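Listed below, chain by chain, are the residues.
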Amino acid sequence: MRRVRPGLQLPAAVQVIETGLAPDTPVLPRHPIPFLDLRTRNEEVPGFSGNAMFTRDKAFIESQFTGPVPLKPDPMYLAEDVTMYSGAFWVGGELIHASTHPNLVAKMLDAVPVMVRLRKIGRLPRMAGTTALVHVPGYRNYFHWIIEALPRLLHVARHIEGGGAVDRILLPMNEPSGFIMDSVRLFVPALEPLIEFSTKSNFDFERALFFLDWRMDPKVVTRYKDSTAIFADRLARPPGPPGSRGFLISRGDVDNRRLLNEAAVAEALSEWRVEVVNTGRMSVAAQRDLMKEARLIIGVHGAGMTNAIFCPAGTAIVEFTSTQYIRRCRSYADPSMYNRMNYGLAVLDQVGDRWVVEANKGNDLEVAPERMGAVRDLVADLVKCGG
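A brief structural summary.

Quick notes on the rules
What you see as residue numbers is a count from 1 along each chain, following the sequence as written. A pLDDT threshold of at least 70 governs which residues receive local features in this predicted model, and a stricter bar of 80 or more applies before side-chain atom pairs are shown or counted, although totals over entire chains, interfaces and linings include all residues. Here the side-chain values reflect all heavy atoms present in the structure, with hydrogen atoms and water set aside. Put simply, DSSP H or I for four residues or longer makes a helix, DSSP E for two residues or longer makes a strand, and each gets a number counted from the N terminus. For the radius of gyration, the atom set is restricted to C-alpha positions; the globular benchmark scales as 2.2 Å times the number of residues to the power 0.38. Burial status follows relative accessibility: with a 1.4 Å probe on protein chains alone, a residue under 20% of its type maximum counts as buried, one over 50% as exposed, and anything between as partly exposed. Throughout, a residue-residue contact means that at least one pair of heavy atoms, one from each residue, lies within 4.5 Å. Here the Shrake-Rupley method, with its probe set to 1.4 Å, supplies the accessible areas, and only the displayed protein chains count as covering residues. The term nonpolar core refers to a set of buried residues drawn from Ala, Val, Leu, Ile, Met, Phe, Trp, Tyr and Cys, joined through side-chain atoms within 4.5 Å. Pairing between strands is defined by DSSP: at least two bridges between them are needed. By definition, the crossover connecting two strands over a helix is right-handed if that path, from the first strand to the second, turns clockwise as seen with the strands pointing away from the viewer. Only the stretch in contact is used when fitting a helix axis, every axis being a line fitted to C-alpha atoms; angles between N-to-C directions are given from 0 to 180 degrees. In plain terms, two cysteine sulfur atoms within 2.5 Å form what is called a disulfide here.

### Structural notes on the overall build of the protein chain
Phase 1 of the analysis: Counting secondary structure elements, the protein chain contains 11 helices and 22 strands.
Phase 2 of the analysis: Against the compact-globule benchmark of 21 Å for 387 residues, the protein chain has a radius of gyration of 22 Å, which places it among compact chains.
Phase 3 of the analysis: For the protein chain, the proportion of its 387 residues judged to be buried stands at 55%.
Phase 4 of the analysis: Within the protein chain, contacts between residues separated by at least 24 positions form 78% of all contacts whose residues are at least 6 apart in sequence.
Phase 5 of the analysis: Looking at the protein chain as shown, the accessible area adds up to about 16,600 Å², and 51% of this sits on carbon and sulfur atoms.

### Brief notes about the nonpolar core
Phase 1 of the analysis: In this structure, Ile33, Trp145, Leu153, Ile169 and Ile297 are the most contacted members of the largest nonpolar core, which totals 73 residues.
Phase 2 of the analysis: Take this core: its biggest share by element is six residues, from helix α4 (residues 142-149).
Phase 3 of the analysis: Residues within four places of Ile297 in sequence aside, it is in contact with Phe247, Ile249, Met291, Met305, Cys311, Thr315, Ala316, Ile317 and Val318.
Phase 4 of the analysis: Among the nonpolar cores identified, the runner-up in size contains 25 residues, and Leu259, Leu269, Ile298 and Val375 belong to it.

### A word on the pairing of strand β20 (residues 342-347)
Phase 1 of the analysis: The buried fraction of β20 is high, at six of six residues.
Phase 2 of the analysis: By the alternation rule, side chains of β20 split into Asn342, Gly344 and Ala346 and Tyr343, Leu345 and Val347, which are all buried.
Phase 3 of the analysis: As paired elements, strand β5 (residues 35-37) and β20 share three bridges and run parallel to each other. Its bridge partner lying in β20, Asp37 is registered against Val347.
Phase 4 of the analysis: In this structure, strand β19 (residues 316-321) lies alongside β20, joined through six bridges in parallel fashion. Pairing of Ile317 across the sheet is with Tyr343, part of β20.
Phase 5 of the analysis: Between β19 and its parallel partner β20, the chain crosses via helix α10 (residues 330-338), and the hand of that crossover is right-handed.

### Quick notes on helix α5 (residues 152-161)
An α-helical segment advances 3.6 residues per turn. Residues three or four places apart therefore align on the same side.
Phase 1 of the analysis: Taken across its 10 residues, α5 has seven buried, putting it largely inside the fold.
Phase 2 of the analysis: Within the sequence span of α5, burial applies to Arg152, Leu153, Leu154, His155, Val156, Ala157 and His159.

### Observations concerning the sheet that holds β19
Phase 1 of the analysis: Spatially, six strands are ordered β5-β20-β19-β18-β16-β17 in an open sheet, and the strand pairing comes out parallel. This sheet does not close on itself; its edge strands, each paired only once, are β5 and β17 (274-277). Neighbour-to-neighbour, the strand axes of the sheet open up by a mean angle of 20°, direction not taken into account.
Phase 2 of the analysis: Running at roughly 135° to strand β16 (residues 245-249), helix α9 (residues 284-291) makes contact with β16, β17 and β18 (294-300) of the sheet.

### Observations regarding the state of the cysteines
Phase 1 of the analysis: According to the stated counting rule, one finds zero disulfides in the structure shown.
Phase 2 of the analysis: The thiol of Cys311 is unpaired, and the distance to the nearest cysteine sulfur, on Cys385, comes to 16 Å.
Phase 3 of the analysis: Its relative accessible area of 60% is what places Cys385 among the exposed residues.

Set out below in structure tokens:
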């Protein structure tokens, strides 16, 4: 084994592919988050304490957002004789530990006899040539695709431009969501002919380009990767100050984490021309173009908030969340801060009895009428910071 970066060991046969792409800055400019507790309802129920969750997770976020941190490295690797099984990678029969969650390493090591048996009965198909693999955990979700997986295609494209061979880009999924190919055509159209989907998730590859999601680098406390920063740096944002429109990103068409009084919130923020929009029904290009006009984005933690990455610098971003999801605010705080937007977080009342989050489904949310003024004040402060 050879040591490539602190905290990561790879088989000697694995090469790091340098594409020449690099972010404008290797640093994520984190800073303290404006953090409001707007709860008015009791959250002390059997098996769940809202006050305990709030105290613990607020302290965690405050400890994380104190100052700049390094971006998470996300280099591209190349190796021959690669096996993919249950999302993990083996090279020459040797497991790459950083390709799977640390809690699953032992399970993956025990899976070798299973792979041998599948190979013997033809259930582990072998792909000739070079296959690029860019998927990440949860990449069927819009956030994980746009923020984590799609940016990796920029490295693949540059590798091809430099004369590197790629026969296919494999995405193991049954029925791809429309936004996947929509975004490929929009941002890396030259790669569209190479995209292949498969209902299978276990393969042997003659040669593979791949990325690693469990690198466990010391001192890296963000999931915001340098590949994501490269993608963000190259987005064609309008120059100058933010736009003039406000958007409340609706989750009204799903069955969880809905903002139940969207219309009342929009009315309370009418000074900023807030419109309720459901971006999930738009093409990626339409979402991007809409966000370019934004001065203010508001929404409950969810995939629709991903589109803030397309907003102009200085845009005010207000994320509504519950005590169930406070730690996950990093998903949207980090892109906002990297792209020089003004981010704030407000913890709202929960409505419902779904106190245990399962399949990423939590309670609905509501802004109490007596807390509308605090929301207006937060918005006013963040908009003012944007000029």
